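Fold and geometry: a report
So the chains spell out like this:
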Amino acid sequence: MLYKSIFAERVPRISEQLAAIATSIGSQWLMGPNELTTQMRTVEIERCRFLEASGCVNACVNGCKKPTEAFMSNSMGVDLYIEPNYEDFSCKFQFGQQPPPESDDPAFGEPCFLQCPTATRAMKSDGFLLGSKCENTPFSAPNTEL
């Protein structure tokens, strides 16, 4: 909250740049190599390790995109639009840009990946069709009981 009141409200452009720099440096361990672009306000992740390892659109949307956008906006006072690319696993964090409503955000309309562990488990238990729209319900850790 201190960041929001001291920086974000008084110098929004600088605040967006600082958030992008911190994200670029501090998130490489989780998301992988990235590049800071567009006037130091966009972080382009080459291939997101989180998305690749989870193999799940639902995990990306509900475990990363929604909570990170909400945290940056509500706690830090910085608008952030996260734009995952499910074809090549790249991702863009665009600071200073408001995310579109979920109904207009392409990230929410993507089908499950064929390798999605949640979809695979559901298919085995109740005939869930792979390639259908991901539920986009809040993500929970997979049940590891056999």
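Located above this text is the structure these notes cover.
The rules behind the values
Residues numbered from 1 in each chain as written. Predicted model: local features only at pLDDT ≥ 70, side-chain atom pairs only at ≥ 80, totals over all residues. Heavy atoms only, no water. Core = buried A, V, L, I, M, F, W, Y, C linked by side-chain atoms within 4.5 Å. Buried < 20%, exposed > 50% of the residue type's maximum accessible area, 1.4 Å probe, protein only. Helix = DSSP H or I, 4+ residues; strand = E, 2+ residues; numbered from the N terminus. Contact = heavy atoms within 4.5 Å. Pairing = 2+ DSSP bridges. Axes fitted to C-alpha atoms, helices over the stretch in contact; angles between N-to-C directions. Salt bridge = Lys/Arg side-chain N within 4 Å of Asp/Glu carboxyl O.

1. Here's the deal with the nonpolar core
Among the nonpolar cores identified, the biggest contains 30 residues, and Tyr86, Phe93 and Phe95 are the most heavily contacted of them. Of all elements in the fold, only helix H1 (2–8), helix H2 (12–26), strand E2 (42–45), helix H5 (57–76), strand E3 (80–84) and strand E4 (91–95) reach the threshold of two or more residues within this core. If you tally residues by element for this core, the top one is H5, at seven residues. Dropping the residues within four chain positions of it, phenylalanine 93 is found in contact with Thr23, Met31, Arg41, Thr42, Val43, Ile45, Cys64, Thr68, Leu80, Tyr81 and Ile82.

2. Examining the sheet that holds E2
Read from one edge of the open sheet, four strands run E1-E2-E4-E3, paired in antiparallel fashion. Because the sheet does not close on itself, it has two edges, and the strands there are strand E1 (34–37) and E3. For this sheet the average axis-to-axis angle between neighbouring strands, irrespective of direction, equals 15°. Packing of H2 onto the sheet brings it into contact with E1, E2 and E4, and relative to E4 it is tilted by some 150°. The sheet strands contacting H5 are E3 and E4, and the helix crosses E3 at an angle near 160°.

3. Digging into the pattern of salt bridges
Throughout the structure, instances matching the rule amount to five salt bridges. Here lysine 65 ties to glutamate 69 by a salt bridge, and the two come within 2.7 Å at their closest N and O atoms. With lysine 65 and glutamate 69 both in helix H5, this residue pair falls four residues apart, about one helical turn. Just as lysine 65 is buried, glutamate 69 falls in that class too. Among the salt bridges present, the one from lysine 65 reaches aspartate 105, with a minimum N-O distance of 2.8 Å. Separated by 40 residues along the polypeptide, lysine 65 in helix H5 and aspartate 105 in the loop between E4 and helix H6 (117–126) bring together distant segments of the chain.

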